[in-house]
Every structure is written in structure tokens, then in C-alpha cells.
Amino acid sequence: MALTGVDIFKLLPKTNCKKCGYPTCLAFAMKLAQRQASLDKCPDVSEEAKRLLGEASAPPVRPVTFGAGERAVKMGEETVLFRHEKRFVNPTVFAVEIKDTTTEGEALKLINDVLSSEIDRVGQKLKIDAFLLSNASGEPGALESLARLVFGKAPDVPVIISTADPVAGEAALAVYNGKRPVLFGANSGNIEKMAQAAGTFKAPLGVSAGNLDELIALTEKAKSLGIEDLIIDGGARKAGQIIEQNTIVRRASIKKNFKPLGYPSITFAQRDDVILEALVAGLGVSKYSSVVVVSSAEKWKNLALFTLRQNIYTDPQVPMQVEQKVYKIGEPQAGSPLLITTNFSLTYFIVSGEVENSKVPSWLAVMDCEGLSVLTAWAAGKFTAGKIAQFIKESGIESTVSHRELVIPGYVAILSGAIEEKLEGWKVTVGPREANALPAFLKTKAA
Ligand code: SF4
């Protein structure tokens, strides 16, 4: 039975030192009981308490990692049903299927599409994460050949080996030995041999059932065979079934702490109609799929899915931020203009984009305002004359630029006089209110 907050509290150091980010040990214990905090946030917890609390503090959806090195992907570890309660933890993994019946030319194109899928969006690198290599031919040799081809071209991209044949699975796993691939396709007829193959190669095992009752029996069986890291498929393929099944699985694991369903789930979104495929993949991202398998990696589809995933897996309670520093836009010289703005990601990317469009190399001082936009930061007392003056002095920009002119956003024109008072020797120029007026403003200044 799950421990209560009071049970957990008894095992904590009770010093109320706040190192965990909570004001008291009791507050931290309550969050642990609700699975909204992890025990490792308390640095002083004893080994004995760690052992006793291990199960109670484990996330209800087991974390499972596949792949190796920098491209390894982590799934699961979720603790809530809704992202307004707490940030969703590990973003949905996108895997592109390559069948072993695909021609070499088509396979090479898919590999290339995945390798070139990375885009930069509001400062984050987003890409297709993995391949799913499927044994559509039913021939063990064909799957192994495909694994060799893909490994040869993209050795660092994580893979899911999909087959119901343990012999074919072992041969393909051997190609990826040490790279922690997933072996997917265990069912009630092959679970012992598939578990054995997964165990041999230390691979997570994907179990595939026709319904949730079968799925529960399979995960319990896999666990009894010593396999802890599982990916689960309850057999849903239609859009409505996927939402229903994923929701039941997530609710059972989060609300009831029902361990047999407490694993990352996989959704197969492949469709002949690629627009329908994008929609089903989007449903998977929106409703709890840890892995979504697609059949192709068109750039338009990637953009839509990456954007959706990025939005769902950012913390709605914490604005996206960029680092506080003075950024170079272009190749600014000592006499180039110096502008200031806040560190809300969208503000930074819009302002820096417009400065870039102006083709006037500039210095852009980005001040930490806890990710708030200009007006909000000003209203919250985080983008004030005193703080701006302090930031400019501490940034070191005074020794880089040869002038003493700071361009502030038009929305905070009211601060210009106060900044000049606090930044002795500086002239404050009020820039445009809207970023899209920056190119004309900067060109005029440079003329
Ligand atoms: Fe208590 Fe540990 Fe949090 Fe300190 S870090 S307040 S000891 S739970």
C-alpha cells in the first residue's frame, strides 16, 4: 500500500533546511506522497530511508531509456494526468518505421530524412528520435540485413527492433549490441523466448497485446521473467481506441498506482494517408504516448508534430527563457548599437530575428526577468531602471562598446529618464514598441 505523507515525513531528516525546494520536510513529504516530487531532491535523506521510500517515491510510470550516448531517449517517469498540475517529464519519442521489405533506396531515403530532421525552434533542437525496424517479411535474415544497413548509416540513432520471431530479434539485437535497442513484439505465444533475448542483450522489451487484460497478463509475466524495462502496446490502432486506451493506462498508473500498466506506451500511427497519420500521431503526443511510430519524416509533418510536442512538454507554470547575457547579432563592432530586452524566449527570438533582418550588426543585452515579456516584467518590478542599470554595469559591455547609448523597448519609454539617472554618462534612446519596426529603426540609426 502506498505510504501517506505522514509515513514519509517520519523517515525524512526533519531539519526543514529547504534544500529540496520546499519550506518544510512535511511539505516535501506531502509532495512525495502525491508523486509530485522525487526523493533525490533531499540530499540528506538516509540510505535506510531511501530503501524504505524507494517504492513509494518511484514514479508511477516507470522510466525506461533506450539507445546510447547523447542520442539516448528516456520515456515514462510521468507523475500527473494533466500538464497544468505539473510538467510532463519525458517528451514523446518519434520513431520512423523502416520495413525489411523496403528497397535499399527507400530505406536510405528514410535514414537520410531522419538524420536531417533536426530543426531549431525557440532555442531547442527538435528531431526525429529513433527508427523502428520491422520484420514485415517474416524472414530473420531480412531484418538482420536491414539492421546492418541502418546501423552502418546511423549508428547513434536509437532503434526499436520489431518482430514476433525471437530468432530474428536476436540477430538484429546483436547488430546493435551495446546500443540498448528495444526488442518489440513479445506476446502470449513468445514471451519466454523474447524475454530471454531481451535479457541477453540488456534490451527493454516491448509487449504487444490485443486488449488491456492481455496486456496486464503480459507485463506481469515479463516481470516474473526478470524483465523490468517494458514498453506496452494494448493493441489500439484506431484514433478513438488510442485515446481511450492511453487514458485508461495513464489513469490506472497515476491514480491507482497500478504497476502492471505503469510503463511507457507505444502508439502506431502509420497510415496510407499521411495527413491522417499526422493527426493520429498528434493524438498520441496529446494523450500520453511515450513513443509514436510514423511511416515517414516529411518536413511539414515534422514541424507540426515537433511544435505540438514542444508545447505539451514545456512547463506551463514556467515561461521559456534564454540565458542572460549580451548576444552578438551579426558581427557587431565597438560602435554598433546596443539594445536591451528581457529573457522571455519568444521576446528574444522575435527581437533578435528582427535585428538580424535589419542587417545592422548589433549588441543585444538580454536581461534575466524570470522569462517574462517586457511589459509583464516591467509591471512585476523585474525590468526597472535600477535593475537595468545594474545589469548593464555588471555585463561588462561598457568595456566592449565605444559609445554610451542604450536602446530600450518602446513599451518602457517611461523608464528612459530614470535609467539615465542611474547609468551615469549614458544616453537612453527609446526604440520602437513593436519588434517588426526594428529594421527601419536600426537602418535609420546606421545611416
Ligand atoms: Fe527536509 Fe530534506 Fe527538504 Fe531539508 S531537503 S527540508 S531535510 S526534506
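Let me begin by describing the structure that accompanies this report. (Residues numbered from 1 in each chain as written. Predicted model: local features only at pLDDT ≥ 70, side-chain atom pairs only at ≥ 80, totals over all residues. Heavy atoms only, no water.)

### Observations regarding the side chain of Asn-343
- Here Asn-343 is to be found in the loop between β14 (338-342) and α12 (345-358).
- Reaching out from Asn-343, the side chain makes a polar contact with the side chain of Gln-321 at a distance of 3.4 Å.
- Leave out the neighbours within four places in its chain, and Asn-343 touches Met-320, Gln-321, Val-322, Val-366, Met-367, Asp-368, Cys-369, Glu-370, Gly-371 and Leu-372. (Helix = DSSP H or I, 4+ residues; strand = E, 2+ residues; numbered from the N terminus. Polar contact = N/O pair within 3.5 Å; in protein donor to acceptor, adjacent residues only side chain to side chain. Contact = heavy atoms within 4.5 Å.)

### Let's talk about the nonpolar core
- Among the nonpolar cores identified, the biggest contains 67 residues, and Ile-98, Phe-131, Leu-133, Ile-161, Leu-205 and Val-207 are the most heavily contacted of them.
- Core analysis: the next-biggest nonpolar cluster, separate from the first, contains 25 residues, Ile-392, Ile-397, Val-401 and Ile-408 among them. (Core = buried A, V, L, I, M, F, W, Y, C linked by side-chain atoms within 4.5 Å. Buried < 20%, exposed > 50% of the residue type's maximum accessible area, 1.4 Å probe, protein only.)

### Digging into the packing of α12 against helix α16 (residues 438-446)
- Between α12 and α16, the shortest axis-to-axis distance is 8 Å and the interhelical angle comes to 45 degrees. When the axis of α12 is compared with that of α16, the two are oblique. Judged by the twist between their axes, the crossing of α12 over α16 is right-handed. Packed against α12, whose contacting residues are Val-351, Glu-354, Val-355, Asn-357 and Ser-358, the element α16 presents Leu-438, Pro-439, Leu-442 and Lys-443 at the interface.
- Partitioned by chemical class, the residues of the contact of α12 with α16 number five nonpolar, two polar and two charged. (Axes fitted to C-alpha atoms, helices over the stretch in contact; angles between N-to-C directions. Parallel < 35°, antiparallel > 145°, perpendicular 65-115°, else oblique. Left-handed = near helix turned anticlockwise from the far one by under 90°. Nonpolar A, V, L, I, M, F, W, Y, C, P; charged D, E, K, R; others polar.)

### Things to note about the site of the ligand
- Taken together, the residues surrounding the ligand are Pro-13, Thr-15, Asn-16, Cys-17, Lys-18, Lys-19, Cys-20, Cys-25, Phe-28, Cys-42 and Pro-43.
- For the shell around the ligand, the class distribution of residues is seven nonpolar, two polar and two charged. (Near = heavy atom within 4 Å.)

### With respect to helix α5 (residues 140-153)
- With 14 residues, α5 should cover 20 Å at 1.5 Å per step; its first-to-last C-alpha distance of 20 Å lies within 8% of that length.
- Among the residues of α5, Leu-143, Leu-146, Ala-147 and Val-150 are the ones counted as buried. Each buried residue of α5 lies within a common arc of 100 degrees when the element is viewed along its axis, so the set occupies one face. For α5, the exposed residues lying more than 90 degrees away from the buried face are Arg-148 and Gly-152. (Expected span 1.5 Å × (residues − 1). Arc of directions from axis to C-beta.)

### Details of the side chain of Ser-352
- Within the secondary structure, Ser-352 is located in helix α12.
- We classify Ser-352 as buried; its relative accessible area is 6%.
- Not counting residues up to four positions away in its chain, the partners in contact with Ser-352 are Ile-329 and Leu-364.

### Topic: a nonpolar patch on the surface
- The grouping of Ile-275, Leu-276, Leu-279 and Trp-300 at the surface amounts to a nonpolar patch, some 430 Å² of accessible area in total.
- Note on placement: Leu-276 falls in helix α10 (residues 274-286).
- Taking the relative accessible area as the measure of exposure, Leu-276 reaches 41% and is therefore partly exposed. (Patch = residues over 30% accessible without salt bridge, like charges linked within 9 Å, V, L, I, M, F, W, Y side chains within 5 Å. Areas by Shrake-Rupley, 256 points an atom, 1.4 Å probe, with all protein chains shown as cover. Salt bridge = Lys/Arg side-chain N within 4 Å of Asp/Glu carboxyl O.)

### Some points on the packing of helix α4 (residues 104-115) against α5
- At their nearest, the axes of α4 and α5 sit 11 Å apart, and the two run at 40 degrees to each other. The angle between α4 and α5 falls in the class oblique. Between α4 and α5 lies a crossing whose hand is right-handed. Within the contact between the two elements, α4 uses Glu-104, Ala-107, Leu-108, Ile-111 and Leu-115 and α5 uses Leu-146, Leu-149, Val-150 and Lys-153.
- Here the contact of α4 with α5 is built from residues that sort into seven nonpolar, no polar and two charged.

### Side note on the sheet that holds strand β13 (residues 325-329)
- With mixed pairing, five strands are arranged side by side in an open sheet as β13-β15-β14-β16-β17. The outermost strands of the open sheet, each flanked by one partner alone, are β13 and β17 (427-430). Across the sheet, the mean angle from the axis of one strand to that of its neighbour is 30 degrees, orientation sign disregarded.
- As judged from the five bridges shared by β13 and strand β15 (residues 362-367), these two strands associate in the antiparallel manner. Across the sheet, residue Val-326 finds its bridge partner in β15, namely Ala-365.
- Of the strands in this sheet, β13, β14, β15 and β16 (405-408) are in contact with helix α14 (residues 385-395), which crosses β15 at around 120 degrees.
- Along the sheet, α16 contacts β14, β15, β16 and β17; its crossing angle with β16, the most-contacted strand, is approximately 160 degrees. (Pairing = 2+ DSSP bridges.)

### Description of unusual backbone geometry
- A positive phi is found at Asn-16, a non-glycine position, where the angle reads about 50 degrees.
- Looking at the secondary structure, you find Asn-16 in the loop between α1 (5-11) and α2 (25-33).
- Even without being a glycine, Lys-359 presents a positive backbone phi close to 65 degrees.
- The residue Lys-359 is located in the loop between α12 and β15 in this model.
- For Lys-359, a relative accessible area of 69% puts it in the exposed group.

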